[in-house]
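Next come the chains, spelled out residue by residue.
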Amino acid sequence: NAGVTQTPKFQVLKTGQSMTLQCAQDMNHNSMYWYRQDPGMGLRLIYYSASEGTTDKGEVPNGYNVSRLNKREFSLRLESAAPSQTSVYFCASSEVDTGNEQFFGPGTRLTVL
Amino acid sequence: AQTVTQSQPEMSVQEAETVTLSCTYDTSENNYYLFWYKQPPSRQMILVIRQEAYKQQNATENRFSVNFQKAAKSFSLKISDSQLGDTAMYFCAFIGTYKYIFGTGTRLKVLA
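Small disclaimer: the values here were computed from a predicted structure and weren't measured.

This paragraph deals with the overall build of chain B. Of the regular secondary structure elements, chain B holds zero helices and twelve strands. Relative to the globule expectation of 13 Å for 112 residues, the C-alpha radius of gyration of chain B, 13 Å, shows essentially globular dimensions. Judged by the C-alpha coordinates and their principal axes, chain B covers about 40 × 25 × 20 Å. Residues counted as buried form 46% of the 112 residues belonging to chain B. Excluding contacts between residues fewer than 6 apart, the proportion of contacts in chain B whose partners are at least 24 apart in sequence is 54%. Summed over all atoms, the accessible surface of chain B reaches about 5700 Å², with 45% contributed by carbon and sulfur. One way to put it: in chain B the 11 positive side-chain charges average out to a point 6 Å from where the 9 negative ones average out.

Right under this line is the structure:
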């Protein structure tokens, strides 16, 4: 089992460029999440998907869009990157039946110049 | 609104000593889970311990234990016999209905 995988691991963008962060999990989990981590602010939820076909906004959704492509994959898109989106992004998945533990990907460090 | 507060941004402890990290939360829900996650310098988030709110018994995992006070909405983590490998950021987290809320973290340094 690979668990939760994310691509890319690092990315540098210029202001105004777009990109998609990819996430996939092989644990057959229903719920998937995107977080951003900034110094002193912990992890903040951007979007989540409680099950295939559904997505909902989290705490900081502005400037982002998501797609739950299928049960395995949940992508995060930045349409027009801004320096304020410089952060480390984590994807996670979980399942109610396994005690709600979240399994995290390795993270993507994104820098917007 | 649901919140999770970790009031200790940084802590240090001598190797082999015991340290307690504090966490308080606020929720109107009655059924929920609480977690402590560890993030070492590798950046990978690792589950340390989990507590189900309906269980009165405090969870333990080897050298890690919690003091869960439901009425006070407090969920502290005790690390016994601290090891150098325990050096990491520690995040307290809460889940009610689908959404996870994380605290801002406590950076723990274990000193040799």
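How big an interface is tends to be stated in terms of the accessible area lost upon association of its parts. Facing the 17 residues of chain B at the interface are 28 residues of chain A. With both chains or domains summed, chain B and chain A bury close to 1800 Å², and 54% of this area falls on carbon and sulfur atoms. At the surface where chain B touches chain A, the tally comes to zero salt bridges. Across the chain B-chain A interface, the total number found is five residue pairs in polar contact (both at pLDDT 80 or more). Among the elements that make up the side of chain B that touches chain A, the one with the highest residue count is strand S5 (residues 33-39) of chain B (four residues).

Our focus in this paragraph is the sheet that holds strand S3 (residues 19-25) of chain A. Whenever strands of a sheet pair, they do so through backbone hydrogen bonds, lying parallel or antiparallel. Residues and elements named next belong to chain A. Strands sit in the order S1-S3-S8-S7 across an open sheet of four strands; the sheet is antiparallel. At either end of the open sheet lies a strand with only one pairing partner, and these are strand S1 (4-7) and strand S7 (64-68). Averaged over all adjacent pairs, the angle separating strand axes in this sheet is 15 degrees, with direction ignored. Taken together, the five bridges between S7 and strand S8 (residues 74-78) define a ladder with antiparallel strand orientation. What sits directly across from Arg68, in S8, is Phe74.

With that out of the way, let us pick up the layout of surface pockets. When its volume is computed, the largest pocket comes out at roughly 480 Å³. For the lining of the largest pocket, the elements supplying multiple residues, two or more each, are strand S9 (87-94) and strand S11 (108-112) of chain A together with strand S10 (88-95) and strand S12 (106-111) of chain B. Here the residues of the lining of the largest pocket are counted per class, giving ten nonpolar, nine polar and five charged. Taken as a whole, the second largest pocket holds about 230 Å³ of empty space.

On to the pattern of salt bridges. Residues and elements named next belong to chain A. Applying the stated rule across the entire model yields six salt bridges over all chains. The partner of Arg77 in a salt bridge is Glu79, with the nearest N and O atoms 3.1 Å apart. Under the relative-accessibility criterion, Glu79 is labelled partly exposed at 44%. Through salt bridges with shared partners, one network takes in Arg36, Asp38 and Arg44.

Turning our attention to the state of the cysteines. Applying the stated criterion across every chain yields a total of two disulfides over all chains. Covalent S-S linkage joins Cys23(A) and Cys91(A), the inter-sulfur distance amounting to 1.8 Å. Across the S-S bond of Cys23(A) and Cys91(A) the torsion is about -70 degrees, and the bridge reads as left-handed. Taken together, the residues span a long stretch of sequence, with Cys23(A) in strand S3 and Cys91(A) in strand S9 at a distance of 68 residues. For Cys23(A), a relative accessible area of 3% translates into the label buried. The disulfide partner of Cys23(B) is Cys92(B), and the S-S distance across this bridge is 2.0 Å. In this structure, the disulfide formed by Cys23(B) and Cys92(B) twists by about -70 degrees around the S-S bond and is classed as left-handed. Of the two residues, Cys23(B) sits in the loop between strand S3 (19-21) and strand S4 (24-26) while Cys92(B) sits in strand S10, which places them 69 residues apart along the sequence. Classification of Cys23(B) as buried rests on a relative accessible area of 1%. Accessibility expressed as a relative area gives 0% for Cys92(B), which makes it buried.

The rules behind the values
Residues numbered from 1 in each chain as written. Chains lettered and ligands numbered in written order. Predicted model: local features only at pLDDT ≥ 70, side-chain atom pairs only at ≥ 80, totals over all residues. Heavy atoms only, no water. Helix = DSSP H or I, 4+ residues; strand = E, 2+ residues; numbered from the N terminus. Rg over C-alpha atoms; globule rule 2.2 N^0.38 Å. Buried < 20%, exposed > 50% of the residue type's maximum accessible area, 1.4 Å probe, protein only. Contact = heavy atoms within 4.5 Å. Areas by Shrake-Rupley, 256 points an atom, 1.4 Å probe, with all protein chains shown as cover. Lys, Arg positive; Asp, Glu negative; His and termini not counted. Charge placed at Lys NZ, Arg CZ, Asp CG, Glu CD. Buried area = accessible area lost by both parts, 1.4 Å probe. Salt bridge = Lys/Arg side-chain N within 4 Å of Asp/Glu carboxyl O. Polar contact = N/O pair within 3.5 Å; in protein donor to acceptor, adjacent residues only side chain to side chain. Pairing = 2+ DSSP bridges. Axes fitted to C-alpha atoms, helices over the stretch in contact; angles between N-to-C directions. 1 Å grid on protein atoms, 1.4 Å probe; cavity = no way out; pocket = protein on both sides within 12 Å on 5 of 7 lines; lining within 4 Å. Points joined across faces, edges and corners; volume = space filled by probe spheres on them. Nonpolar A, V, L, I, M, F, W, Y, C, P; charged D, E, K, R; others polar. Disulfide = S-S within 2.5 Å.

So far we have only geometry, and geometry alone does not tell us how the molecule works.
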